[in-house]
Amino acid sequence: MDGEFYASGLKRGSDELLGINSSPMMMNGNGQASNLEINHDAKKAKLDKNQNGVPSRVLHFRGVPQDATEGEIVQMGLMFGRMTNLVLAKKKNQALLEMADINAATSMVNFHNQLNPKPLTIRGRTVYVQYSTHQELKTEAGSQQNAAAQAALQAAEALMGQAGEQPKTVLRVIIENMLYPVTVDVLKQIFSRYGQCQKIITFTKNNTFQALIQMADAIAAQTSKVSLNGQNIYNGCCQLKIDFSKLPSLNVKYNNDKSRDYTNPNLPTGEGMQFDAQTAACIGGAPPTSQGMGIHGFVPGMPAGMAGMQGLQGMIPSPTQMQGLPGMQAALPMGYPGMPHAAATMGLRMPGQVGMGAGTVLLVSNLNEQKVTPDALFTLFGVYGDVHRVKIMFNKKDNALVQFADPNQAQQAMTHLDKVKVWGKQIKVAPSKHAVVSMPKEGQPDAGLTKDYVNSPLHRFKKPNSKNHHNIFPPSSTLHLSNIPPTVSEEEIKEAFENAGAQVTAFKFFQKDRKMALIQLGSVDEAVTALMAMHNYQLGDSVHLRVSFSKSTI
């Protein structure tokens, strides 16, 4: 018996143990703990001497700390190559990590068992790695655990696409629509779900509560950003807007209610400026204030009776306190501990929730399966948000999944594109039950129907407060064109649109800026099709046309 998870045709919990079984591992992330006897001491986890050593893409980790995160498991495999699946069973101190190919898995096992003089550790605890008896992991899409794993894998994919760049571990967090206080402790609880939160600095800038949060590693920072950006801390308010900071690290001077260095608990509890000059310059030199923010001040817009509320520490029970509260785990898809009844009656929601049915993935149905491609959907839905992944269903090609950077962008796309005609068919856009869009595994038939766009240069909304954020309009027969080189004439542009099947009824360059123009087509349907065909159309050497919907007419 090798101490791994139970694998059979039955879908069982991820923290069950198994006997030797070479079948694909099946789990749904929601099962109860197994009654099977654990025949090894997790605190003294060691390699099974009976391990047959047969190479596998799936690696088995033992001795994993119970407070470890999916991001920390992924971090161990990052230097060896692409990872495709992950199962973390915290209660059993174990994890399974599936690499994209056997060579990557072999490199990792050889490095940590033969070449690396230092033991593999997570949070100071020695972890052992060996080949799994499984050749493949199969996890049920949509489960809470699988969503966390997929977010970590997606973060790793993004980081691998940024090879050569300095790893970013500091996040800048803006709290919008802040009706209730948000404390340092609440922020730590939220972000610690994705890795070790090392330092936090809170401050006020332009009457907005903000925070700088330093995570232990780039995977934790990226996973936090992917998972939490756009989500509400409480029901209908305190929305998180997350981006990377330019700072490589934080220098915290005081441990108090405005800043905290969790790596140095011996700092004084001073009341002066809690960060250094470099940090002050990065955030615009705004000194922290308690007026209107934090756990002691009155927050503008706070309901009557809430001004004296001393933070949320006492309102957020520990995971052990939450055991036995029926239905709470189902209500909290991000896996956070729930809230006591008193908080629920006040309309508060725990971190990670964004509202009923809200998520980053949309289901698009009634597509023209003869014409639909991932690139076309990326272009169309990218008008309303940064699309990270697109999957056209292999067995039902008139259906597709589109994953956005955050839930607000997904909601915006659904609002503008539901019931719009695309290639002659009225599409339906609705929230998907899937938390993320998974990439196909190696050898799995896909025919190019799933694509990852995380690192695409064509995202419109990467830059905060860019003009794209303020020029979002529903589909119309008039398109806005930009990035037109001076050597390209009106006739050339009209001809290109006509070759794409559109009927051009009017065209007009902007008087003050000839790089931009409006083009009016015969119908909204034609404009939708033309936008998908002509956005990023090459007009010259390294010059590509930018196309979006316009509210104007010619």
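In every chain, residue numbers begin from 1 and rise along the written sequence. Where totals are concerned, whole chains, interfaces and linings use all residues; where local detail is concerned, this predicted model gives features only for residues with pLDDT of at least 70, and gives and counts side-chain atom pairs only at 80 or more. With hydrogens and water excluded, all non-hydrogen atoms of the structure serve as input to the side-chain values.

As recorded in an unreviewed UniProt entry, the protein chain goes by RRM domain-containing protein and comes from Owenia fusiformis.

## So, the sheet that holds strand 15 (residues 361-365)
Just so we agree on the cut-off: Note on pairing: DSSP must find at least two bridges between two strands before they are called paired. Under the DSSP-based scheme used, a helix requires at least four consecutive residues in state H or I and a strand at least two consecutive residues in state E, with every element numbered from the N terminus. The axes are straight lines fitted to the C-alpha atoms, using for helices just the contacting stretch, and the angles between their N-to-C directions are given from 0 to 180°. Only heavy atoms matter for contacts: two residues are in contact if any of them lie within 4.5 Å across the pair.
The five strands lie next to each other as 20-15-17-16-21, forming an open sheet whose pairing is antiparallel. One side of each edge strand has no neighbouring strand; the edge strands of this open sheet are strand 20 (428-431) and strand 21 (450-452). The sheet shows a mean angle of 20° between the axes of neighbouring strands, direction not considered. Here strand 16 (residues 387-392) runs beside strand 21; their pairing, made up of three bridges, is antiparallel. Across the sheet, residue Arg-389 finds its bridge partner in strand 21, namely Asp-452. Contacts between helix 10 (residues 374-381) and the sheet are confined to strand 15, strand 16, strand 17 (400-404), strand 20 and strand 21, with strand 16 contributing the most and set at about 140° to the helix. Together, strand 15, strand 17 and strand 20 form the strand contacts of helix 11 (residues 407-417), whose direction differs from that of strand 20 by roughly 150°.

## So, the side chain of His-535
Checked against the element boundaries, His-535 lands in the loop between helix 13 (524-534) and strand 25 (538-540). When neighbours within four sequence positions are excluded, His-535 is seen to be in contact with Thr-379, Arg-460, Ala-530, Leu-545, Arg-546 and Val-547.

## Some points on the sheet that holds strand 23 (residues 504-509)
Here we have four strands laid out as an open sheet, ordered 23-24-22-27, and antiparallel in their pairing. Two strands in the sheet have a free side with no partner beyond their single neighbour: strand 23 and strand 27 (546-549). For this sheet the average axis-to-axis angle between neighbouring strands, irrespective of direction, equals 25°. The pairing of strand 23 with strand 24 (residues 517-521) spans five bridges and is antiparallel. When the bridges of strand 24 are listed, Lys-508 appears paired with Leu-518. Strands in contact with helix 12 (residues 490-499) are strand 22 (478-482), strand 23 and strand 24; relative to strand 23, the strand with the most contacts, it is inclined by about 145°. Relative to strand 27, helix 13 is tilted by about 155°, and along the sheet it contacts strand 22, strand 24 and strand 27.

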